[in-house]
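Here is what each chain is made of, one letter per residue.
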Amino acid sequence: MPAITVENPLTLPRVAAPATGTATQRPVLAVSTAPTGFEGEGFPVRRAFAGIDYRHLDPFIMMDQMGEVDYAPGEPKGTPWHPHRGFETVTYIIDGIFDHQDSQGGGGTITDGDTQWMTAGSGLLHIEAPPEQLVMSGGFFHGLQLWVNLPAKDKMMAPRYQDIRGGSVQLLTSPDGGALLRVIAGGIDGHQGPGITHTPITMIHATLAPGAEVTLPWREDFNGLAYVLAGRGAAGADRRPVRVGQTTVFGAGSSLTVRADEQQESHTPNLEVVLLGGQPIREPMAHYGPFVMNTREELQQTFEDFQKGRLGTIPAVHGMSEGDEM
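First, a word on scope: everything that follows refers to the structure included in this document. Everything quoted here is computed from the prediction, not taken from an experiment.

### Overview of unusual backbone geometry
Then comes step 1: With an omega of 20 degrees, the peptide bond running from D58 to P59 counts as cis.
Then comes step 2: Note that P59 resides in the loop between α1 (54-57) and β4 (60-71).
Then comes step 3: Cis geometry marks the peptide bond from G67 to E68, where omega comes out at 10 degrees.
Then comes step 4: Position of E68 among the secondary structure elements: in strand β4.

Below, the structure is given as structure tokens:
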């Protein structure tokens, strides 16, 4: 159950469906199934964008669904210290809690419904870990991490954080109240989310009640993606079936549609879907591990800078160990 919700969505501002004949429905180009794997110190993930042609993803690089997992005492895991340069990481915690810290003294705690937006820019070292009390007690954990590319002009900007608390997201609904829309970044139908982005994007977490359908206006200069966090439903006007762990790639147009099946599983009563759109950067990309640059020469320079400590040094903090995620 997402932490940020309302008892009666009809009390929220409503997103008007595009008028018939004025919007072009985006077709479904493909539906892909995310392979599973492990990240960091061994927490389970689904690789949402694996196998999708980058021309459909740009400006997004990758996205992992973290969990859902119900940890026993002693099991919660995070990531060791690792570097970043040249892009932004967006960590959205649906259920659970994470502490984060960087080599420049930044950090904090994100929990149910919060988003930590880190612009790595010129580079830093970073760690994410469950707090000690969660490690001792165990508990439920579920979230997303999205990587958003930066254009060449911004890749070496100073690092920056945005801590977006769950209570600050823009809550909207569909005309009939069947869909709850949490706008984390970007805008929809004139309503803006709190996230400030260097690369223009829209990020929405939508919950659709069984049988509900929503058609949203969508910027024509953006791409369109929908990833199913939980439940079953359909995408597009032709109702292409989708289920948990699948990503829908939409084609060109000015609106997109998602629908929840009438019958859902008992443990996932609604369709939970993340809707993403972004303005493609259309620049060359050299990507290896946690470094995303424009050329191989810049990538080689980044490796050298990391090895020589120019991306920062690990603070002497009890209980946090060195390592890199490559």
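There is more to say after this.
### Description of the sheet that holds strand β7 (residues 97-102)
Then comes step 1: Strands sit in the order β5-β10-β7-β8 across an open sheet of four strands; the sheet is antiparallel. Each edge of the open sheet is held by one strand with a lone partner, namely β5 (79-84) and β8 (107-111). Between one strand axis and the next, the sheet turns by 20 degrees as a mean value, whatever way the strands run.
Then comes step 2: Pairing between β7 and β8: five bridges, direction antiparallel. In the strand pairing of β8, Q101 is matched with G107.

### Section: the packing of aromatic side chains
Then comes step 1: Evaluated as defined, the whole model comprises five aromatic pairs.
Then comes step 2: Taking the centre distance of 5.0 Å and the plane angle of 40 degrees together, the rings of F98 and F141 count as tilted. Of the two residues, F98 sits in strand β7 while F141 sits in strand β11 (residues 139-149), which places them 43 residues apart along the sequence.
Then comes step 3: Ring centres 5.3 Å apart and planes at 85 degrees place the aromatic pair F291 and F303 in the edge-to-face group. Here F291, found in strand β26 (residues 291-293), pairs with F303, found in helix α3 (residues 296-307); they are 12 residues apart in sequence, far enough to count as distant.

### As for empty space enclosed by the protein
Then comes step 1: Here the structure, examined in full by the defined rule, presents one cavity of 30 Å³ or more.
Then comes step 2: The computed volume of the largest cavity comes to approximately 40 Å³.
Then comes step 3: As for the largest cavity, its lining consists of A226, V228, A234, A235, V242, T248, V258, L271 and V273.
Then comes step 4: Broken down by secondary-structure element, the contributors of at least two residues to the lining of the largest cavity are β19 (224-230), β20 (232-235) and β24 (271-278).
Then comes step 5: The residue makeup of the lining of the largest cavity, split by class, is eight nonpolar, one polar and no charged.

### Re the layout of surface pockets
Then comes step 1: Considered as a void within the structure, the second largest pocket measures approximately 260 Å³ in volume.
Then comes step 2: Every residue lining the second largest pocket is counted, 18 residues in all, and those nearest its centre are R55, H56, N223, P280 and R282.
Then comes step 3: Of all the elements, α1 adds the most residues to the lining of the second largest pocket, at three residues.
Then comes step 4: Of the residues assigned to the lining of the second largest pocket, the class counts are seven nonpolar, four polar and seven charged.

### A word on the environment of M157
Then comes step 1: Checked against the element boundaries, M157 lands in the loop between β11 and β12 (160-164).
Then comes step 2: For the pair M157 and P44, spaced 113 residues apart in sequence, the C-alpha separation works out to 32 Å.
Then comes step 3: What M157 contacts, discounting residues up to four positions off in sequence, is T119, A120, G121, S122 and H198.

The rules we used
- Each residue is numbered by its place in its chain's sequence as written, counting from 1.
- pLDDT decides what is reported in this predicted model: residues at 70 or higher carry local features, side-chain atom pairs at 80 or more are listed and counted, and totals for whole chains, interfaces and linings draw on all residues regardless.
- Calculation of side-chain values draws on the structure's entire complement of heavy atoms; hydrogens and water are dropped beforehand.
- Segments assigned H or I by DSSP are reported as helices when at least four residues long, segments assigned E as strands when at least two residues long, and all are numbered from the N terminus.
- For two strands to pair, DSSP has to find at least two bridges joining them.
- Orientation is described by axes fitted as lines to C-alpha atoms, over the contacting stretch for helices, and by angles from 0 to 180 degrees between their N-to-C directions.
- Within 6.5 Å between ring centres, the rings of Phe, Tyr and Trp (the latter by its six-membered ring) count as paired, and their orientation is classed by plane angle as stacked under 30 degrees, edge-to-face over 60, tilted in between.
- Using a grid of 1 Å spacing that covers the protein atoms alone, one calls a set of points a cavity when a 1.4 Å probe fits there but cannot get out, and a pocket when the set is open and has protein on both sides within 12 Å along at least five of seven lines; lining residues are those with an atom within 4 Å of a point.
- Grid points are joined across faces, edges and corners, and a volume is the space filled by probe spheres set on the points.
- Classification used: nonpolar for Ala, Val, Leu, Ile, Met, Phe, Trp, Tyr, Cys and Pro, charged for Asp, Glu, Lys and Arg, polar for all others including Gly.
- The contact criterion used throughout is that any non-hydrogen atoms of two residues lie within 4.5 Å.

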